[in-house]
Amino acid sequence: MFSWQASGGGLVQPGDSLRLSCAASARTFTPYHMGWFRQVTGKGREFVGAIHWSAGTTFYADSVKGRFTVSRENTKNTLYLQMNSLKPEDTAVYYCAASKLWGSSWYSATGMNSWGKGTQVTVSS
């Protein structure tokens, strides 16, 4: 388990870019797989993307493929979400998450072992 410190959210215009970060206070960032979810009012948390703790393999929701990139710096215990070509429908509270499982379980928020505090991303012209 980790104590997360998230940052990077804000108000941007369509087409802009934004990078979200989550830094963990735990002594080690591994062997947890890390990723991102987002949530809008009235809906459940939606999977965005995840990265394998050792292989570096990533996968994404169809809605963000080609626009968002998940990365991590294990030596700094930091997870990133690079968001490009932002759209109004990307507006949501974004959460970092960690799990010891890899694969389809990431499509369900209930399978996560740890959550960071959410950060608001608003995309509006």
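To be clear, the structure that these remarks concern was listed above.
Let us look at the structure shown here. (Residues numbered from 1 in each chain as written. Predicted model: local features only at pLDDT ≥ 70, side-chain atom pairs only at ≥ 80, totals over all residues. Heavy atoms only, no water.)

1. Concerning the overall build of the protein
The condition is simple: Each helix is a run of DSSP H or I of at least 4 residues and each strand a run of E of at least 2, with the numbering of both proceeding from the N terminus. To get the radius of gyration, use the C-alpha atoms; to get the globule rule, take the number of residues to the power 0.38 and multiply by 2.2 Å. What makes two residues a contact is simply this: any of their non-hydrogen atoms within 4.5 Å. The protein chains shown are the only cover counted for residues, whose accessible areas, like all others here, come from Shrake-Rupley with a 1.4 Å probe. Note on charges: Lys and Arg go in the positive column, Asp and Glu in the negative column, and His and the chain ends are not counted at all. Charge positions are represented by NZ for Lys, CZ for Arg, CG for Asp and CD for Glu.
Within the protein one finds zero helices and eleven strands. For the protein, the N- to C-terminal ordering of α and β elements is β-β-β-β-β-β-β-β-β-β-β. Whereas a compact globule of 125 residues would reach a radius of gyration of roughly 14 Å, the protein reaches 13 Å, a difference of no more than 12%. In terms of principal-axis extent, the alpha carbons of the protein reach across some 40 × 25 × 25 Å. Partitioning the contacts of the protein with sequence separation of at least 6, the portion at a separation of at least 24 is 58%. Of the roughly 6300 Å² of accessible surface on the protein, 47% is carried by carbon and sulfur atoms. Looking at charge distribution, the protein has the averaged site of its 12 positive side-chain charges lying 10 Å from that of its 6 negative ones.

2. Looking at the packing of aromatic side chains
What counts is decided by this rule: Stacked, edge-to-face and tilted labels apply to pairs of Phe, Tyr and Trp rings (six-membered ring for Trp) whose centres lie within 6.5 Å, assigned for plane angles under 30 degrees, over 60, and everything in between, in that order. Residue burial is assigned from relative accessible area. The probe radius is 1.4 Å, only protein chains are included, and a residue is buried under 20% of its type maximum, exposed over 50%, and partly exposed in between. Ring-over charges, as used throughout, are those where CZ of Arg or NZ of Lys falls within 6 Å of the ring centre and within 35 degrees of the ring normal.
Counted according to the given criterion, the structure contains nine aromatic pairs. Centre to centre, the rings of F59 and W102 are 5.0 Å apart; their planes meet at 80 degrees, and the pair counts as edge-to-face. One end of the pair, F59, is in strand β6 (residues 58-60); the other, W102, is in the loop between β9 (92-99) and β10 (114-115), with 43 residues separating them in the sequence. On the accessibility criterion, W102 (31% relative accessible area) is partly exposed. An aromatic cluster is present here, built from F37, F47, F59, Y95, W102, W106, Y107 and W115 joined pairwise through their rings. Above the ring of Y95, the side-chain terminus of R45 is found at 3.5 Å from the ring centroid.

3. Points about the pattern of salt bridges
Threshold: Salt-bridge detection follows one rule: a side-chain nitrogen of Lys or Arg within 4 Å of a carboxyl oxygen of Asp or Glu.
Throughout the structure, instances matching the rule amount to four salt bridges. Among the salt bridges present, the one from R67 reaches D90, with a minimum N-O distance of 2.7 Å. Here D90 lies in the loop between β8 (78-83) and β9 and R67 lies in the loop between β6 and β7 (68-73), a separation of 23 residues in the sequence. The burial state of R67 is the same as that of D90; both residues are buried. Each of R38, E46, R67 and D90 takes part in salt bridges that share partners, so that together they form one network.

4. Overview of unusual backbone geometry
Unlike most non-glycine residues, S85 shows phi in positive territory, near 50 degrees. Within the secondary structure layout, S85 lies in the loop between β8 and β9. You can call S85 partly exposed: its relative accessible area is 40%.

In short, shape yes, function no, at least from these values alone.
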